[in-house]
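What the coordinates show
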Amino acid sequence: MSAHTDTANLTALLDWQIELGADEAIGDAPVNRYEVPQAPPRNAPPAAPAAAPAPVAAANAVDPVEVAKRMAAGAGTLEELAAAQRDFPHCELRKGARNAVFHDGNSDARVMLIGEAPGREEDIKGKPFVGQAGALLDLMFSQIGLSRGADRPEVALYITNVLPWRPPGNRDPEQGEIAMMTPFLERHVELAAPELIVPMGNISCSACLGKRGITKLRGKWSEAFGLPALPMFHPAYLLRNPHAKRHAWEDLLSLRDKLNG
Ligand code: URA
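Residues numbered from 1 in each chain as written. Predicted model: local features only at pLDDT ≥ 70, side-chain atom pairs only at ≥ 80, totals over all residues. Heavy atoms only, no water.

As for the layout of surface pockets
The line we're drawing: Cavities and pockets were defined on a 1 Å grid built over protein atoms only: a cavity is a set of grid points that admits a 1.4 Å probe from which the probe cannot escape, a pocket is an open set flanked by protein on both sides within 12 Å along at least five of seven lines, and lining residues are those with an atom within 4 Å of any such point. Grid points are joined across faces, edges and corners, and a volume is the space filled by probe spheres set on the points. To qualify as a helix, a DSSP run of H or I must reach at least 4 residues; to qualify as a strand, a run of E must reach at least 2; elements of each kind are numbered from the N terminus. The classification used treats Ala, Val, Leu, Ile, Met, Phe, Trp, Tyr, Cys and Pro as nonpolar, Asp, Glu, Lys and Arg as charged, and all other residues, Gly among them, as polar.
Taken as a whole, the largest pocket holds about 670 Å³ of empty space. Taken together, 27 residues make up the lining of the largest pocket; nearest its centre are E116, A117, H234, A236 and R240. The element best represented in the lining of the largest pocket is helix α10 (residues 235-240), accounting for four residues. Here the lining of the largest pocket is composed, by residue class, of 11 nonpolar, eight polar and eight charged.

Structure representation (structure tokens):
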């Protein structure tokens, strides 16, 4: 079989599995669930306790946050930053994701929205907020005249996420994952240089403001990465809790007022 046919067959097999609903890689190696575990021979002496793992020399330990800071600082453009983030080797989430999701919208926009992490649709399409939550996000911001498709920075939106890779099964990102990807986010904000930031939901508040508690934080102007920041409810939360939409509306009006000086 040629390499081309091989690839085509493997791709068709993957597509078929996705159609059946398997949308996550859960292990690097196959598991034979029919294999009968070998019982130890009768009268065998009890197994010796497993040797303790050799201590890892602290001096050799890699600090992923420091690596991320160095890689992010080395990027001079958004394209270089996207490449550096994609190549960052220390976040396990990259192994299960199809795409690294970097951004959408107009990078000259006055307003930069920061979400959490790609979901299934975003992972497939390689863009942030393209699923149901994204549709609500577009609708919400259109009410104050802002859109990600706009050319003019005054009415445009720029969108990214804290994490570029989809967490398996859409689980919440872990604190360590947030910490190691935050240097990339900080550099992203620096390079895009918006006037205002809107962290959406708790994960984003954790990365941008260093704290959680979106119910208390939302609607209150604070500062993130040296810029004015207005935390808002995440649109996915609003889909589950429509009664909270009135607060989102208040926050949109506050954003509009700030933009209008
Ligand atoms: N939720 C997010 O926080 N980001 C996306 O891109 C999609 C859903």
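Notes on the pairing of strand β4 (residues 196-199)
Defined as follows: Throughout, exposure labels follow a simple rule: accessible area from a 1.4 Å probe, protein chains only, divided by the maximum for the residue type, with under 20% read as buried, over 50% as exposed, and the rest as partly exposed. Pairing between strands requires that DSSP locate at least two bridges from one strand to the other.
A two-sided burial pattern is seen for β4, the buried positions comprising L196 and V198 on one face and I197 and P199 on the other. Summarising the sheet, strand β2 (residues 111-115) and β4 pair through four bridges and their orientation is parallel. The residue of β4 that forms the bridge with L113 is V198.

A few points about the site of the ligand
The test is simple: The nearness test applies per residue and asks whether one of its heavy atoms lies within 4 Å of the molecule or strand. Two N or O atoms form a polar contact when they lie within 3.5 Å of each other; inside protein one atom must be a possible hydrogen donor and the other a possible acceptor, and for residues adjacent in sequence the pair counts only when both atoms belong to side chains. Note on areas: Shrake-Rupley with a 1.4 Å probe; residue coverage comes only from the protein chains shown. Assignment of a molecule to a cavity or pocket requires that more than half of its atoms lie within 2 Å of the corresponding grid points.
Neighbouring the ligand are G115, E116, A117, E122, P128, F129, N161 and H234. Between the ligand and the protein, one listed contact pairs a nitrogen atom with a side-chain N or O atom of N161 at 2.8 Å. Burial of the ligand by the surrounding chains reaches 91%, relative to a free accessible area of 230 Å². For the ligand, the cavity whose grid points lie within 2 Å of the majority of its atoms is the largest pocket. In terms of residue class, the shell around the ligand is made up of three nonpolar, three polar and two charged.

Overview of the packing of helix α2 (residues 64-73) against helix α7 (residues 175-192)
Where we set the bar: With axes taken as lines fitted to C-alpha atoms, and helix axes fitted only over the stretch in contact, angles between N-to-C directions fall between 0 and 180 degrees. The scheme is simple: roughly parallel for angles under 35 degrees, roughly antiparallel for over 145, roughly perpendicular for 65 to 115, oblique for anything else. Crossing handedness is defined as follows: a turn of the near helix away from the far one that is anticlockwise and smaller than a right angle gives a left-handed crossing, while the clockwise case is right-handed. Residues count as neighbours in contact if any of their non-hydrogen atoms are within 4.5 Å of one another.
In the contact formed by α2 and α7, the axes pass within 8 Å of each other and the chain directions differ by 20°. Considering the angle they form, α2 stands roughly parallel to α7. Considering the relative orientation of α2 and α7, their crossing is right-handed. For the pair α2 and α7, contact is made by P64, V65, A68, K69, M71, A72 and A73 and by A179, M180, P183, F184 and R187, respectively. Its residues placed into classes, the contact of α2 with α7 shows 10 nonpolar, no polar and two charged.

With respect to the packing of aromatic side chains
To keep things clear, this is the line we draw: A pair of aromatic rings is counted whenever rings of Phe, Tyr or Trp (Trp by its six-membered ring) have centres within 6.5 Å, and the orientation is called stacked for planes under 30 degrees apart, edge-to-face for over 60 and tilted otherwise. In this scheme, Lys NZ or Arg CZ marks a charge over a ring once it lies within 6 Å of the ring centre and within 35 degrees of the ring normal.
Summed over the entire model, instances satisfying the criterion amount to two aromatic pairs. Here the aromatic rings of F88 and F184 are separated by 5.3 Å at their centres, their planes lie at 65°, and the arrangement is edge-to-face. Of the two residues, F88 sits in the loop between α3 (78-87) and α4 (93-96) while F184 sits in helix α7, which places them 96 residues apart along the sequence. In this structure F88 comes out as buried when scored by relative accessible area, which is 0%. Directly above the ring of W221 sits K258, whose terminal nitrogen or CZ lies 4.7 Å from the centroid.

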